[in-house]
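Tertiary structure, described
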Amino acid sequence: MTETLSRPIVPGAGPPHPVETSGLTKRYGDLVAVDSLDLTVRTGEVYGFLGPNGAGKTSTLRMLLGLVRPSAGAVRLFGRPPGAPGQLDRVGALIEGPACYPYLSGWDNLRVLARLTGTPPIRIRTVLEMVDLADRAGDRYASYSLGMKQRLGVAAALLKDPRLLILDEPTNGLDPAGMADMRALIRRLAAAGCTVLLSSHLLGEVQQICDRVGVVSRGRLVAESTVAELRGTAGVRVLAEPLDGAEERVRALLGPDRVRVVDGGLDLSVDPDRAAWLNTELVGAGVAVRELRPLERDLEQVFFELTGGGAGHVG
Amino acid sequence: MWASWQAEAIKMVRRPGTWLLLTVAVVLSLVFTYLAPYAAYADGSGGVLSDRALDALLPDRLVGNSIGGLPVFIGAIALILAVLTVGAEYAWGTWKTLLTQGPSRLAVYLGKLLVLAAATLVLVLTLFAVGALASLLIAVAESQPVHWPAVGDLALGIGSGWLISMVWAGFGVLLAVLLRGVALPIGLGLVWLLAVQNLLAAVAAPILDWVAELQKGLPGPNAGALAAAFGAGSDTPGVAAVVGGGQAAVVLAGYLLGFVLLAGAYLHRRDIL
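Predicted model only: the values in this text are computed from it and were never measured.

**Some details on the pattern of salt bridges**
This structure, assessed with the given rule, holds 21 salt bridges over all chains. Measuring nitrogen to oxygen at the nearest pair gives 2.9 Å for the salt bridge that ties Glu-45 of chain A to Arg-212 of chain A. With Glu-45 of chain A in the loop between strand 2 (31-41) and strand 3 (46-50) and Arg-212 of chain A in strand 8 (residues 212-217), this pair connects stretches of sequence that are 167 residues apart. Both residues of the pair, Glu-45 of chain A and Arg-212 of chain A, count as buried. The partner of Arg-260 of chain A in a salt bridge is Asp-267 of chain A, with the nearest N and O atoms 4.0 Å apart. The class of Asp-267 of chain A is buried, set by a relative accessible area of 9%. Among the charged side chains, a salt-bridge network with shared partners connects Glu-8, Lys-11, Glu-89 and Lys-112 of chain B.

**Describing a negative patch on the surface**
There is a patch of like negative charges on the surface, built from Asp-132, Asp-135, Asp-175 and Asp-181 of chain A. Relative to the assigned elements, Asp-175 of chain A resides in the loop between strand 6 (164-168) and helix 5 (176-191).

**Describing helix 2 (residues 16-42) of chain B**
All names here are of chain B. A rise of 1.5 Å per residue sets the reference length of helix 2, with its 27 residues, at 39 Å; its end C-alpha atoms lie 36 Å apart and thus fit the reference within 8%. At Val-31, helix 2 shows its maximal kink, close to 40°. Those residues of helix 2 that fall on the buried side of the exposure criterion are Thr-18, Leu-21, Leu-22, Ala-25, Val-26, Ser-29, Thr-33, Tyr-34 and Tyr-41. Positive phi appears at Gly-44, one or two residues downstream of helix 2, with a value of about 80°.

**Some words on the UniProt feature "transmembrane region" (unreviewed entry) in chain B**
Residues and elements named next belong to chain B. If you check UniProt for "transmembrane region" (unreviewed entry), the listed places come out as residues 66-92, 113-141, 161-179, 186-208 and 248-267 in our numbering. Between the C-alpha atoms that bound residues 113-141 there is a distance of 42 Å. The span itself is 100% helix and 0% strand. Along residues 186-208, the helical share is 83% and the strand share 0%, with 29 Å between the first and last C-alpha atoms.

**Thoughts on the packing of aromatic side chains**
One pass over the structure, following the stated rule, counts eleven aromatic pairs over all chains. An angle of 85° between the planes, with centres 6.0 Å apart, marks the rings of Tyr-101 of chain A and Trp-92 of chain B as edge-to-face. Taken together, the positions of Tyr-101 of chain A in the loop between strand 5 (91-94) and helix 2 (106-117) and Trp-92 of chain B in the loop between helix 5 (73-91) and helix 6 (95-99) put the pair across two chains. Taken together, Trp-168, Phe-171, Tyr-255 and Phe-259 of chain B form an aromatic cluster joined through their ring pairs. Over the ring of Tyr-141 of chain A we find Lys-149 of chain A; its NZ or CZ atom is 5.4 Å from the centre of that ring.

Calculation notes
Residues numbered from 1 in each chain as written. Chains lettered and ligands numbered in written order. Predicted model: local features only at pLDDT ≥ 70, side-chain atom pairs only at ≥ 80, totals over all residues. Heavy atoms only, no water. Salt bridge = Lys/Arg side-chain N within 4 Å of Asp/Glu carboxyl O. Helix = DSSP H or I, 4+ residues; strand = E, 2+ residues; numbered from the N terminus. Buried < 20%, exposed > 50% of the residue type's maximum accessible area, 1.4 Å probe, protein only. Patch = residues over 30% accessible without salt bridge, like charges linked within 9 Å, V, L, I, M, F, W, Y side chains within 5 Å. Areas by Shrake-Rupley, 256 points an atom, 1.4 Å probe, with all protein chains shown as cover. Lys, Arg positive; Asp, Glu negative; His and termini not counted. Charge placed at Lys NZ, Arg CZ, Asp CG, Glu CD. Expected span 1.5 Å × (residues − 1). Bend = angle between axes of the 7 residues up to and from the residue. UniProt positions renumbered as here; feature names shortened; annotations may be inferred. Phe/Tyr/Trp six-rings, centres within 6.5 Å; stacked < 30°, edge-to-face > 60°. Lys NZ or Arg CZ within 6 Å of the ring centre and 35° of its normal.

Spelled out as structure tokens, the structure:
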């Protein structure tokens, strides 16, 4: 889980992390979009950055890339602050949807960006093939569907063969097959050693591909952990007859605060390793146990618990 | 910066609007500098002024004729081109696409200024080339002697035209950065260029001495004065010798520097949203 106090970024203390922020804060007038955010993304991991609309995700990503200046705090990408020479040399990003020149073809849009960075033109074909857009590369960007624009945006992010990829909602506008392709691409990049910082509303997507997750709410990081740790194991689900008898027995065994009647069954706050003991106790009390299984929370449930199910202030 | 210039050059050359603006500038210049006056001369409607009208269309008047439109209507074309070059990055949200590739804001900005400088030079050279062809055809058609301006005058004229067009382009860049878009900067820029300047010159300056004095420090009247110094006709909108050519060039250079420095400072400091 997250620390509550900002820690300084200490230069020279081991290899720099791809992403590191300390006390990162952004205010727009009286609104606090990002509030003392401490974030660390480690080399080679796929990091899911979650939060409701307006929680401060995009403001954070913009600060990482130097598009928005922090009101306070520090940002380092591979140990370098925004604006430092070469800070974004091996960083690719797609922020808040793709944005390209509508009168240029997909190919020419990438050619402009390749010229800007001195990227060899041969790389353009490579990235277009990676996002499955090579066949339509000669068409004007204005004629692209939303999904094709999204693919071109990802291709632009991949142009420099990045070691850090920052993707803000990369599957927006993609059909299910396109979403699966994008997930596979992210996995391939991660397997090749690319660190990925992925902001997404799609919790299932994050659950499938992220090694660690940070949850931001109202500008603050409210949780940071692996997906498995975050979901945790909430307890044990029991279906039994008679339910009253089962409830009376487990209340006596565990205490009243650890038992809830939900949908005709009992949700118990107890370590699933104690399921066999519970079964023995219930059967011994004359209760017929129909089902007894670990009660797992999905990421969506955790997300709503952490964020209060609502939006923060500014995105 | 060289890389940024190359990238900007691709965008400008491939943009249809660039060529449309160049075409409009050439057509405006041809029609109002050569075709309409020549038509008036040819059908005799110019009256006693006909001979003087013909003189004004011959090759030796090339410099003044070529830069006479820049203080107002062709200046407006330069302003629109600059707003499109800078403001469209806001309108399409492409600043983030450019800047997340790694170049500094300064490098991208300088690339845009360089490509605008190249584009305005092409614009001015095209006006001279088209003007040269038109005046040559008129001279041949009217059996008049062909005397071209001296090379030094041509070079100074081209430089002056370039300076005037860059001032309006710089004004457009500043408006685009301040207002972060395309429509409002073009609208306000044109209101200033086509309406406010004329109102000040034609309505306010004749009745208010301080406005007449103020005119000597504004970019439009100085652009008009510089064009006048090279022989642009005083009947051309915006052309009047309110100050000398040298002073006008210095004032315009100051405006150009001010516009691009102010715009650069704003671009550097403000968030890209």
